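# Descriptive structure summary
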Amino acid sequence: DAGVIQSPRHEVTEMGQEVTLRCKPISGHDYLFWYRQTMMRGLELLIYFNNNVPIDDSGMPEDRFSAKMPNASFSTLKIQPSEPRDSAVYFCASSLMAPNTEAFFGQGTRLTVV
Amino acid sequence: AQTVTQSQPEMSVQEAETVTLSCTYDTSESDYYLFWYKQPPSRQMILVIRQEAYKQQNATENRFSVNFQKAAKSFSLKISDSQLGDAAMYFCAYRSNNQGGKLIFGQGTELSVKP
């Protein structure tokens, strides 16, 4: 398996524009997590899915953020409208059901909103 | 809600020496799992070591070991014989066995290794 695949690797957009980040988890994994990494807050859990169903979205900062998982092999994180404070690295990770198993991370998307 | 705290934003160690990174967590659960991840400049997240809360024995992986104090809710990482390649950001993580496998991280500790 190629691992968790995120696209794009880098995204630069203007304030007010819509941004869509994409993630393909490892085949057969039951969980999918979206994180945001900043220097100040470290790795923040935004939302996670189990078998394509959102379980906890309490980390989503505002209504401008939304996430979907239409099937087991694809998820999106959308920001609309984007703001400069959304600039960060966004990671997607997936794991098997058992909680003692590690989560595998994608390479992240570095988002810059100007 | 569970929280993970890493109180050391930055640490430094001399090559070949030993360094300990601190992590504390807050939870009301009795069954959970703890992890340390390493993030080098490439941004790739790499699992270093894991610990099951029901196990009293501290986990070890080669030069990496943990000091797990369940009552104190402490989970520190010890790196022995530090190498230049150990320089990275280290994240402590908590995974619930109850709340649908929720996985949360601390703020991270930036480790530098001096030659």
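Scroll up to find the structure.
We now turn to the structure provided with this report. Model, not experiment: these values are computed from the prediction. (Residues numbered from 1 in each chain as written. Chains lettered and ligands numbered in written order. Predicted model: local features only at pLDDT ≥ 70, side-chain atom pairs only at ≥ 80, totals over all residues. Heavy atoms only, no water.)

### Examining the interface of chain B and chain A
Rule in force here: Here, two residues are considered to be in contact whenever any of their heavy atoms come within 4.5 Å of each other. Defined in terms of a 1.4 Å probe, buried area is the accessible area two parts forfeit on being brought together, summed over both. The salt bridge definition used is simple: a Lys or Arg side-chain nitrogen within 4 Å of an Asp or Glu carboxyl oxygen. Secondary structure follows DSSP: runs of H or I at least 4 residues long count as helices, runs of E at least 2 residues long count as strands, and numbering of each begins at the N terminus. Throughout this entry, Asp, Glu, Lys and Arg are counted as charged residues, while Ala, Val, Leu, Ile, Met, Phe, Trp, Tyr, Cys and Pro are counted as nonpolar. The remaining residues, Gly among them, count as polar.
Across the contact, 24 residues belong to chain B and 29 residues belong to chain A. Of the roughly 2100 Å² buried between chain B and chain A, counting both surfaces, carbon and sulfur atoms make up 49%. Inspection of the region where chain B meets chain A yields one salt bridge. Across the salt bridge formed by Lys 102 of chain B and Asp 56 of chain A, the nearest N and O atoms sit 2.9 Å from each other. When residues of the side of chain B that touches chain A are traced back to their parent elements, those giving at least two are β5 (32-39), β6 (46-52), β10 (88-96) and β11 (103-105) of chain B. Considering each element in turn, the side of chain B that touches chain A owes the most residues, four residues, to β5 of chain B. Grouping the amino acids of the side of chain B that touches chain A by side-chain chemistry returns nine nonpolar, 10 polar and five charged.

### Notes on the state of the cysteines
Selection rule: Two cysteine sulfur atoms make up a disulfide if the distance between them is within 2.5 Å. Each residue is assigned to one of three classes by its accessible area relative to the maximum for its type, calculated with a 1.4 Å probe on protein chains only: buried under 20%, partly exposed between the two thresholds, exposed over 50%.
This model, assessed by the stated rule, comprises two disulfides over all chains. One disulfide bridge connects Cys 23 of chain A with Cys 92 of chain A, the sulfur atoms lying 1.8 Å from each other. Across the S-S bond linking Cys 23 of chain A and Cys 92 of chain A, the dihedral sits near -65°, which makes this disulfide left-handed. Separated by 69 residues along the polypeptide, Cys 23 of chain A in strand β3 (residues 19-24) and Cys 92 of chain A in strand β9 (residues 88-95) bring together distant segments of the chain. Of the residues examined, Cys 23 of chain A reaches a relative accessible area of 1% and is grouped as buried. The disulfide partner of Cys 23 of chain B is Cys 92 of chain B, and the S-S distance across this bridge is 2.0 Å. For the disulfide bridge between Cys 23 of chain B and Cys 92 of chain B, the dihedral angle about the S-S bond is near -70°, and by the sign convention the bridge is left-handed. One end of the pair, Cys 23 of chain B, is in the loop between β3 (19-21) and β4 (24-26); the other, Cys 92 of chain B, is in strand β10, with 69 residues separating them in the sequence.

Fair warning: the whole summary comes from geometry, so function is off the table for now.
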